Amino acid sequence: MTATQEPLQAEIGRDRRRKEDQRLITGRTRWTDNITLPGMLHLAMVRSPFAHARITNIETTAAKASTNVVAVLTGADLGEGQGVCINAWPVVTDQVTPAHVPMPSDRVAFAGETVAVVVARTAAEARDAAELVEVDYDVLPAALDLKEAALAHENGGALAHPDLGTNVSAVWRFDSAEAGTGGDVEAAIAEARANGIVIEREYRQQRLIPAFMEPRSVVVDPTGEQITVWSATQIPHILRFALAATTGVPESKIRVIAPDVGGGFGGKLQQTPEEMIAFAVARRLGKPVKFTETRSESLLTAHHGRDQWQRLTLAATKDGTVTGLKVDLLADLGAYVAIVGGGVPVLGAFMFNAIYKFPAYQFQTTNVLTNKTWTDAYRGAGRPEATYAIERLMTELAAELGVDPLEVREKNWIKHEEFPFTTVAGLEYDSGNYEAATARAKEMFGYDALRAEQAERRASGDRVQLGLGVSTFTEMCGLAPSRVLGSLNYGAGGWEHAEIRMLATGKVEVITGASAHGQGHETAFSQIVADRLGVPFEDVEVLHGDTQISHKGLDTYGSRSLVVGGEALVRAVDKVIEKAKPIAAHLLEASVDDVEFGDGRFSVRGTDQGMAITEIATAVFAAHNLPDGTEPSIDAEATFDPVNFNYPHGTHLCAVEVDTETGQVTMRKYVCCDDIGNVINPLIVAGQVHGGLVQGIAQALWEEAVYDENGTLVTGSFVDYLLPTAADTITFEVDHTTSPSTTNTLGTKGVGEAGTIASTPAVVNAVVDAVRQFGVTDIQMPCTPERVWRAINSGGSGGETTGAAAPHFDPATGMSGTVDRAEGDVQ
């Protein structure tokens, strides 16, 4: 028993440098590619140069004779033992889903698909031998253009998978009138055409590449009682399940470890063909194998993101009150339906209405297969696409009305006193204060002064024009709850698991099912547990990413780690305290009802008698003096399944300067004020927001994955795929307001994707605002100097429309949309 001790400084809300960083920045990392095992062999993939072709022959003789080559295997050699890549979210019951064999033996469906694997004693020897494998192909017509592919079954166009008879994988629809969450959108549009305003636009979400820092890597060791897989993955638990479910190896015989993982952004939320091939080769040869992709392979074959055409119709009254929204998407899935794949646009379906009180809403996505690299979740996963569209559209409404973009938003957004608020998409937003976040962002930005400067530049005909962009966003994150996911036909749940182990020496082990890849879990989770248990931050150790240690979990994606995994931790800690309380009462010779817990100590009410919880842990370990019938353990675990999603929000403001003679865009200022509920570690939050901002801004200005007419990725290196560096960006000013979430004990909201979701429309709105006086209403992303210059000089979008003509693009006027007013004029 100890005397009263000074309470520790509160951890929650405290800036803490990440405890992981010391290991990472001093080179003591545990990347998968650093792992070396006795007798380990190395793999190199032989990949198709064609987007669509029949494999007629694979000649491996020369490769097999190459120095230190152990084997050259094809899809026919591995057969069914290689398993299949799963789709966990068939969005409709009649979804068309092509079989995704990791290494096909008959036909390739995208450039970069693996057709053979070389196994050698070193990675260099494997790569050299791979060059000697000769593959004969019969090239087939490739489905490459998204709009043309969607209609191929009607007009005899190219089919990505001829045996399926169509490129349309699924059509998913939501209608507020049918769902009982709102009115009839067609009626709202008809009324607006007669008596209000209808704005129609078509926007392009270009294809992006996640471009994580560490290329994907996998090591498989089949030599023990279990098959051990090390992988640079976001989803060790899900990967373990997928391996077992598709190969027939019992799940108990598979151990998956995600060691240090160098970024993911959704790009490692995948059961990859390379993981499956390595697993099959290791089992076949009975030896450990390793595969680490090159950067070019990563850009070519790791799944891509975005890639949509978005057709939108907004109805409003003459005073700018929105009355209806209709969304029609074409979503490019690439060659296969990925693990989440077709569900990405469905996630976006619930966010097009955003923070606005639309009375009527309709959404439809047509998911289309093409002969390009498969697409899946990329930071934000459906939410950035939706936010971009609605925030661009609200700015267009403001321009049509001749009012400030913030004014039309404020007129239509949910007021803070209206929370909780059920949206037209059927979600219940639990908390928020859009007014406070916007007011703070305006103050930081100097909004009125910048508007005045803009007016001066326009009046003087300045060559360099100033544009201001607005984005007021919200998102659904904390991917859960399980029942909702089940209702959407999602194949997994949304819960998360945690365990607290109280060690005899007074230290604490935290086991979480969330798997970090750069987010700072070890630090933030240590802060939560230290605060709640009243133990030093340094005494908490967080273990994760190993299915042998963390036996249950659903991993990391969708900004769920803190709001779902963190809540599981809180509940496990509370169970520890409850289990320890009667033991403390026994040792203190007091009634349980008189024992209180605070600042890490159990004390007897009205006395100075007490014991630290770490002392209880030691006493339990010894088990010499416990209450009769008490289990000698205060360890606890908890599984948390939320009852609702989580809804962070914020206001982002961007100022850019556009050189009207060259089209060059220069960022001048960027501020954001996000409401992410209660903050655990402000330093980590700032890092998450900054990183997200750069990725969202990069979509607006620089990044695009481009294929040529043969289906070859022409942006297959960082020479052509323009990934920004620190030199390309500016200093961001970030702040936050606080509306605690009511869906978890900590009152936290997700933050990992906020910057990416909000920033893209803020930047594009700013660019368009700078040149709107030239008749420009849209510029297709990325807003390169050429596209901006073309838009200025044509009064159009500055982008090229591929395939069929955009339904809302009028070549005569150069307008990428139409506006119908009640008077009947088109503007």
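Residues numbered from 1 in each chain as written. Predicted model: local features only at pLDDT ≥ 70, side-chain atom pairs only at ≥ 80, totals over all residues. Heavy atoms only, no water.

Caption draft 1: Representation of the overall build of the protein chain. Regarding its fold elements, the protein chain presents 23 helices and 29 strands. Whereas a compact globule of 827 residues would reach a radius of gyration of roughly 28 Å, the protein chain reaches 28 Å, a difference of no more than 12%. Taking the principal axes of its C-alpha atoms as reference, the protein chain extends roughly 90 × 75 × 50 Å. Looking at the protein chain as a whole, 61% of its 827 residues are labelled buried. Taking the contacts inside the protein chain whose residues are at least 6 apart along the sequence as the reference set, 79% of them involve residues at least 24 apart. As presented, the protein chain carries roughly 29400 Å² of accessible surface, and 50% of it is formed by carbon and sulfur atoms. One way to put it: in the protein chain the 67 positive side-chain charges average out to a point 2 Å from where the 108 negative ones average out. (Helix = DSSP H or I, 4+ residues; strand = E, 2+ residues; numbered from the N terminus. Rg over C-alpha atoms; globule rule 2.2 N^0.38 Å. Buried < 20%, exposed > 50% of the residue type's maximum accessible area, 1.4 Å probe, protein only. Contact = heavy atoms within 4.5 Å. Areas by Shrake-Rupley, 256 points an atom, 1.4 Å probe, with all protein chains shown as cover. Lys, Arg positive; Asp, Glu negative; His and termini not counted. Charge placed at Lys NZ, Arg CZ, Asp CG, Glu CD.)

Caption draft 2: Up close: the environment of Ala398. With respect to the helices and strands, Ala398 occurs in helix α13 (residues 383–401). The exposure class of Ala398 is buried, given its relative accessible area of 0%. Distance from Ala398 to Glu274, taken between C-alpha atoms, is 49 Å for residues 124 residues apart in sequence. Each residue touching Ala398, except ones within four places of it in the same chain, is listed here: Val403, Asp404, Pro405 and Val408.

Caption draft 3: Focus on unusual backbone geometry. With an omega dihedral of -5°, the bond running from Phe419 to Pro420 counts as a cis peptide bond. A cis amide bond links Met781 with the next residue in sequence, Pro782, at an omega value of -5°. Structurally, Pro782 can be placed in the loop between α22 (754–771) and α23 (785–794). Located in the positive-phi region is Arg306, a residue other than glycine, with phi close to 65°.

Caption draft 4: Looking closely at the sheet that holds strand β21 (residues 540–543). Strands sit in the order β21-β20-β19-β25 across an open sheet of 4 strands; the sheet is mixed. Edge positions in the open sheet fall to β21 and β25 (636–640), since each of these has one partner strand only. Strand after strand, the sheet turns through a mean of 15° between neighbouring axes, direction not considered. Strand direction decides the pairing type here: strand β19 (residues 496–502) and strand β20 (residues 508–512), joined by 5 bridges, are antiparallel. If you follow Ile500 over to β20, its bridge partner there is Val510. (Pairing = 2+ DSSP bridges. Axes fitted to C-alpha atoms, helices over the stretch in contact; angles between N-to-C directions.)

Caption draft 5: View of the side chain of Glu522. Relative to the assigned elements, Glu522 resides in helix α18 (residues 521–533). In terms of polar contacts, Glu522 uses its side chain to reach the side chain of His544, at 3.1 Å. In contact with Glu522, other than residues within four places in its own chain, are Lys19, Glu20, Arg23, Val542 and His544. (Polar contact = N/O pair within 3.5 Å; in protein donor to acceptor, adjacent residues only side chain to side chain.)

Caption draft 6: Just the confidence of the model for the protein chain, in detail. Chain-level pLDDT for the protein chain is 94 on average; 95% of the residues reach the 70-or-more range. A low-confidence stretch, residues 800–816 (pLDDT under 50), is modelled with 43 contacts involving residues beyond four sequence positions or located in other chains. (pLDDT = per-residue confidence, 0-100.)

Caption draft 7: Structural view of helix α4 (residues 123–130). Every buried residue of α4 is listed here: Glu125, Ala126, Ala129 and Ala130. Projected onto a plane normal to the axis of α4, the buried residues spread over an arc of 140° and lie on a single side. (Arc of directions from axis to C-beta.)

Caption draft 8: Quick peek at the pattern of salt bridges. With the rule as written, the count across this model stands at 59 salt bridges. Between Arg532 and Asp574 there is a salt bridge; the shortest N-O distance is 2.8 Å. Of the two residues, Arg532 sits in helix α18 while Asp574 sits in helix α19 (residues 561–588), which places them 42 residues apart along the sequence. One salt bridge in this structure joins Glu567 and Arg571, with 3.0 Å as the shortest N-O distance. Of this pair, Glu567 and Arg571 both sit in helix α19, 4 residues apart, roughly one helical turn. For Glu567, a relative accessible area of 1% translates into the label buried. The partly exposed category is assigned to Arg571, whose relative accessible area is 40%. Salt bridges sharing partners connect three or more residues here, namely Arg47, Arg216, Glu274, Glu293 and Glu297. (Salt bridge = Lys/Arg side-chain N within 4 Å of Asp/Glu carboxyl O.)

Caption draft 9: Representation of the domain arrangement of the protein chain in the model. Looking at the protein chain, the domain boundaries give domain 1 (21–28 + 495–640), domain 2 (141–429) and domain 3 (647–827). One C-alpha centre belongs to domain 2, the other to domain 3; they are set 17 Å apart. Each side of the interface is counted separately: domain 2 has 53 residues, and domain 3 has 54 residues. Summed over both sides, the interface between domain 2 and domain 3 buries roughly 4500 Å², with carbon and sulfur atoms accounting for 53% of that surface. If you sort the residues of domain 2 by the area they bury against domain 3, Gln206, Arg379 and Tyr388 come out on top, with a joint share of 15%. (Domains from an automatic or database assignment. Buried area = accessible area lost by both parts, 1.4 Å probe.)

Caption draft 10: View of the packing of aromatic side chains. The tally for this structure, following the rule as stated, stands at 15 aromatic pairs. Judged by centre distance (4.7 Å) and plane angle (40°), the ring pair of Tyr429 and Tyr647 falls under tilted. A residue pair is termed long-range when its members are at least 10 positions apart, and Tyr429 in strand β17 (residues 428–429) and Tyr647 in the loop between β25 and β26 (649–659) qualify at 218 residues. Assigned by exposure class, Tyr429 and Tyr647 land together as buried. Between the NZ or CZ atom of Arg16 and the centre of the ring of Phe537, over which it lies, the distance is 4.0 Å. The ring of Phe537 is capped by Lys19, whose NZ or CZ atom sits 4.5 Å from the centre of that ring. (Phe/Tyr/Trp six-rings, centres within 6.5 Å; stacked < 30°, edge-to-face > 60°. Lys NZ or Arg CZ within 6 Å of the ring centre and 35° of its normal.)

Caption draft 11: Representation of the nonpolar core within the structure. With 98 residues, the main nonpolar core has Trp172, Phe352, Tyr670 and Val767 as its most contacted residues. If you count residues domain by domain, this core takes at least three from each of domain 2 (141–429) and domain 3 (647–827). Non-local contacts of Val767, meaning those with residues more than four positions away in its chain, are made with Val656, Val658, Val665, Leu701, Ile779, Cys783 and Val788. (Core = buried A, V, L, I, M, F, W, Y, C linked by side-chain atoms within 4.5 Å.)

Caption draft 12: Structural view of the pairing of strand β2 (residues 53–59). Direction of pairing for β2 relative to strand β4 (residues 107–108): antiparallel, over a ladder of 2 bridges. Looking at the pairing, Arg54 lines up with Arg107 of β4.

Caption draft 13: Molecular detail of the packing of α13 against α22. Between α13 and α22, whose axes approach to 8 Å, the crossing angle comes to 30°. Taken as a pair, α13 and α22 cross one another with a handedness that is right-handed. The segment α13 lies against α22, with Arg383, Pro384, Thr387, Tyr388, Glu391, Arg392, Thr395 and Glu396 engaging Thr756, Ile757, Thr760, Pro761, Val764, Asn765 and Val768. Partitioning the contact of α13 with α22 into residue classes produces 6 nonpolar, 5 polar and 4 charged. (Left-handed = near helix turned anticlockwise from the far one by under 90°. Nonpolar A, V, L, I, M, F, W, Y, C, P; charged D, E, K, R; others polar.)

Caption draft 14: Geometry of the pairing of strand β18 (residues 464–474). Counting buried residues in β18 gives 10 out of 11 residues, a clear majority hidden from the surface. Pairing analysis gives 11 bridges linking β18 to β26, with the strands arranged antiparallel. Across the sheet, residue Leu468 finds its bridge partner in β26, namely Ala655.

Caption draft 15: Structural detail: the environment of Pro141. Examined against the element boundaries, Pro141 turns out to sit in the loop between β6 (134–139) and α5 (146–150). Pro141 gets classed as exposed once you look at its relative accessible area, which sits at 58%. Taking the C-alpha atoms as reference points, Pro141 and Gly157, 16 residues apart in sequence, are found 8.6 Å from one another. Ignoring anything within four residues of it in the chain, the contact list for Pro141 reads His52, Ala158, Leu159 and Asn371.

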